[in-house]
Amino acid sequence: MVSRRWYHRMYTMEVSKALKIIQSDGPSRGLHLNVTKTKIFWPSFDPRREAAGVFPPNIGKPSAGVKLLGGPVSLGLQYCSVMVHSRVGKTLQLMDKMKQLQDLQSELLLLRNCSGVSRLYFTLRITTPSAIQTAAAHFDKHLLQYLRQIVVGDEAGFGLIQHLVTLPLKVGGLGIHTMSNTGQFCFLASCAQTQHLQTTILKQLSVPVSSLMYQQAVQTYNQVCGLSDTNFSINDAAPRYMKSLAVIYFGVVKEKIATDFSLSDRDLTLWHYNIISHPMDFLKAIPISGLNQAIVLKQFRSVLSYRFGIPLFGKDNTCSSCNRHMEVFRDHALHCASDIRPKLRHNLVRNVLADMCYKAGVAARKEAVLGFLSDNATSLRPADILVYTWEDGKDVCMDIIGVSPFTSASTRDLSSGHAISAAIACKRTKYLDKCLSHGYSFGVLAFSIMGALGEQTLFSAEIKKLSSQSGCKS
Ligand SMILES: [Zn+2]
């Protein structure tokens, strides 16, 4: 069976001749044409097609359009739109099924990688943006409802955040794209990638450069990204493919985030921490309980809410450990002095670093008592990690400290990195002279609960390097 769809009014008679040749000469060469499954499409009506003897009577002659290699071939937006709606419907059905997993971590992974808009990439690439608008609005509405369910459940606070969660991970979102966003560059990328092939096949007849749909798409893209027409040429020696166009598009969105979304100082600080390397890596982890990579639903939702600045408590709550007032964002809970968790977090980092030193063959001791006295003759705390012969041959006392940008009044400057530098300055004032006077060096390994690291915390990177040099894989 051979199924073919021809389309071009100029070639009606040529197609008729070709069809007759295939029908007469084909069988002897093993080519059998199934006429009832063959369709011929004309973008504009040609009366010659109805003349007797031109085409077999039982051949398909659709008037609105045809599907070719999974894509719509039609000049009618309605035809393309129906096809897109049908595919969006199937993707939404799949998303509904995913909700039954009751596992937010897995659901987000699936949404980002294979069950969300990525299932529609092919459709978006082959369909002009003007034909996807209603389907995109329908899809995006359902996607945002789903994301709302994942991030806040039935609680409030998703209003402003919905603009952020649909951005890429590198731009501070969850990496779950909407159809409206991806529709801005998918079709263009497809035109750029296939223009050489189309020019070769169609010669001068219908190259995408001259197509109205392409012109509209490039105009919208340039407008959104603030580019001039000369910035984008489909005939570039190295065509801008989908990823490059996406980087430009989201780069523009990133630049405008503070103004477009009216973020508060706190929201902006959170967003700055969300776009640095690694803090959002937990979203990429495949949930495997045995490797301690699975996060339970409540914990996962709490982390997301905190990172996106969604209030977690009502106004009049108190801390169950110290009875102090608990603000709506739960900052106090993360650094309450009466709670065991900040201490556990500190010890976990210290133990991991000490372990890394051991595996890298670096001589170090944790909780090293050095017998130093403070100015008022009380004993100073032991060094968290004492690294032997490390800096200029000296032993270095490493102090580990975890900070939060939202802790005390002294660190109320919410600018990124301020909390860490303030904590380091405080530690150096307290311990640096003491250590130097006894012949030791002093270092502060500071980390923020939001994922930022102090400069000296790069010590861990050096250890890691030594570790790999010595052939240790952990
Ligand atoms: Zn407390």
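Residues numbered from 1 in each chain as written. Predicted model: local features only at pLDDT ≥ 70, side-chain atom pairs only at ≥ 80, totals over all residues.

**Student:** How should the overall build of the protein chain be read in this particular structure?
**Tutor:** Helix and strand content of the protein chain: 17 helices and 10 strands. Here the protein chain, with 474 residues, has 28% of them falling under the buried criterion. Put simply, of all contacts in the protein chain between residues at least 6 apart along the chain, 60% involve residues at least 24 apart. (Helix = DSSP H or I, 4+ residues; strand = E, 2+ residues; numbered from the N terminus. Buried ≥ 20, exposed ≤ 12 C-beta atoms within 10 Å, placed from the backbone. Contact = placed C-beta atoms within 7 Å.)

**Student:** Any chance you could explain the sheet that holds strand β8 (residues 383-391) here in plain terms?
**Tutor:** Strand pairing in a sheet relies on backbone hydrogen bonds, with the paired strands running either antiparallel or parallel. The strand order β7-β8-β9-β10 describes an open sheet built from 4 strands, whose pairing is mixed. Looking at the sheet topology across the chains shown, the edges are occupied by β7 (364-368) and β10 (441-448). Ignoring which end each strand starts from, the neighbouring axes of this sheet average 30° apart. Pairing analysis gives 8 bridges linking strand β9 (residues 394-403) to β10, with the strands arranged parallel. By the bridge assignment for β10, Val396 is matched with Ser441. Those strands touched by helix α16 (residues 418-437) are β9 and β10, and its axis lies near 160° from that of β10. (Pairing = 2+ DSSP bridges. Axes fitted to C-alpha atoms, helices over the stretch in contact; angles between N-to-C directions.)

**Student:** Which parts of the structure should I look at to understand the pairing of β9?
**Tutor:** For a regular strand, side-chain orientation follows a simple rule: the groups alternate between the two sheet faces. For β9, the tally of buried residues reaches 7 of 10 residues, placing the bulk of the element in the interior. Relative to β9, β8 runs antiparallel, the two sharing 4 bridges. Looking at β9, one finds that Ile385 is bridged to Met398. What sits between β8 and β9 in their antiparallel hairpin is a turn of 2 residues, with Asp392 showing a positive phi close to 50°.

**Student:** I would appreciate a short explanation of helix α3 (residues 104-115) in the present structure.
**Tutor:** Owing to its 3.6 residues per turn, the α-helix aligns residues three or four sequence positions apart on the same side. For α3, with 12 residues, the first-to-last C-alpha span of 14 Å runs short of the 16 Å given by 1.5 Å per residue. Of all the residues in α3, the buried ones are Leu104, Gln105, Glu107, Leu108 and Leu111. (Expected span 1.5 Å × (residues − 1).)

**Student:** Any chance you could explain the environment of Gly53 here in plain terms?
**Tutor:** Along the chain, Gly53 turns up in the loop between β2 (39-40) and β3 (66-68). Sequence separation between Gly53 and Ser16 is 37 residues; the distance between their C-alpha atoms is 9.0 Å.

**Student:** What exactly am I supposed to notice about unusual backbone geometry here?
**Tutor:** What is expected of a backbone is that most residues other than glycine have negative phi and most peptide bonds are trans. The phi dihedral of Ser262 is positive, around 45°, even though this residue is not glycine. Within the fold, Ser262 resides in the loop between α11 (257-260) and α12 (265-275). With 10 C-beta atoms packed within 10 Å, Ser262 lands in the exposed category.

**Student:** How should the environment of Phe308 be read in this particular structure?
**Tutor:** Position of Phe308 relative to the elements: it lies in the loop between α13 (297-307) and β5 (317-318). The exposure class of Phe308 is buried, given the 23 C-beta atoms found within 10 Å. Other than its neighbours up to four places away in sequence, Phe308 contacts Val151, Ile161, Leu164, Val165 and Leu270.

**Student:** What should I look at first to understand the environment of Ile420 in this one?
**Tutor:** Along the chain, Ile420 turns up in helix α16. Residue classification places Ile420 among the buried positions, given that 24 C-beta atoms sit within 10 Å. Through-space distance from the C-alpha of Ile420 to that of Ala452 is 8.3 Å; in sequence the pair is 32 residues apart. Not counting residues up to four positions away in its chain, the partners in contact with Ile420 are Val403, Ala446, Ser448, Ala452 and Gly454.

**Student:** Please explain the confidence of the model for the protein chain as it appears in this structure.
**Tutor:** The predicted structure's coordinates, where accompanied by low pLDDT, should not be read in detail. Summing up the model confidence of the protein chain, the mean pLDDT is 84 and the portion of residues at 70 or higher is 89%. Predicted confidence for residues 1-5 stays below pLDDT 50, and this span has 16 contacts to residues more than four positions away or in other chains. (pLDDT = per-residue confidence, 0-100.)

**Student:** For this particular structure, what's the right way to read the packing of helix α8 (residues 186-202) against helix α9 (residues 212-225)?
**Tutor:** Any two packed helices are characterised by the angle at which their axes cross and by the distance between the axes. Look at α8 against α9: their axes get within 9 Å of each other, and the N-to-C directions meet at 125°. For the element pair α8 / α9, the angle class is oblique. Between α8 and α9 lies a crossing of left-handed hand. For the pair formed by α8 and α9, the contact residues are Phe187, Leu188 and Cys191 on the first element and Tyr214, Ala217, Val218 and Tyr221 on the second. When the residues that make up the contact of α8 with α9 are grouped by side-chain class, the tally is 7 nonpolar, no polar and no charged. (Parallel < 35°, antiparallel > 145°, perpendicular 65-115°, else oblique. Left-handed = near helix turned anticlockwise from the far one by under 90°. Nonpolar A, V, L, I, M, F, W, Y, C, P; charged D, E, K, R; others polar.)

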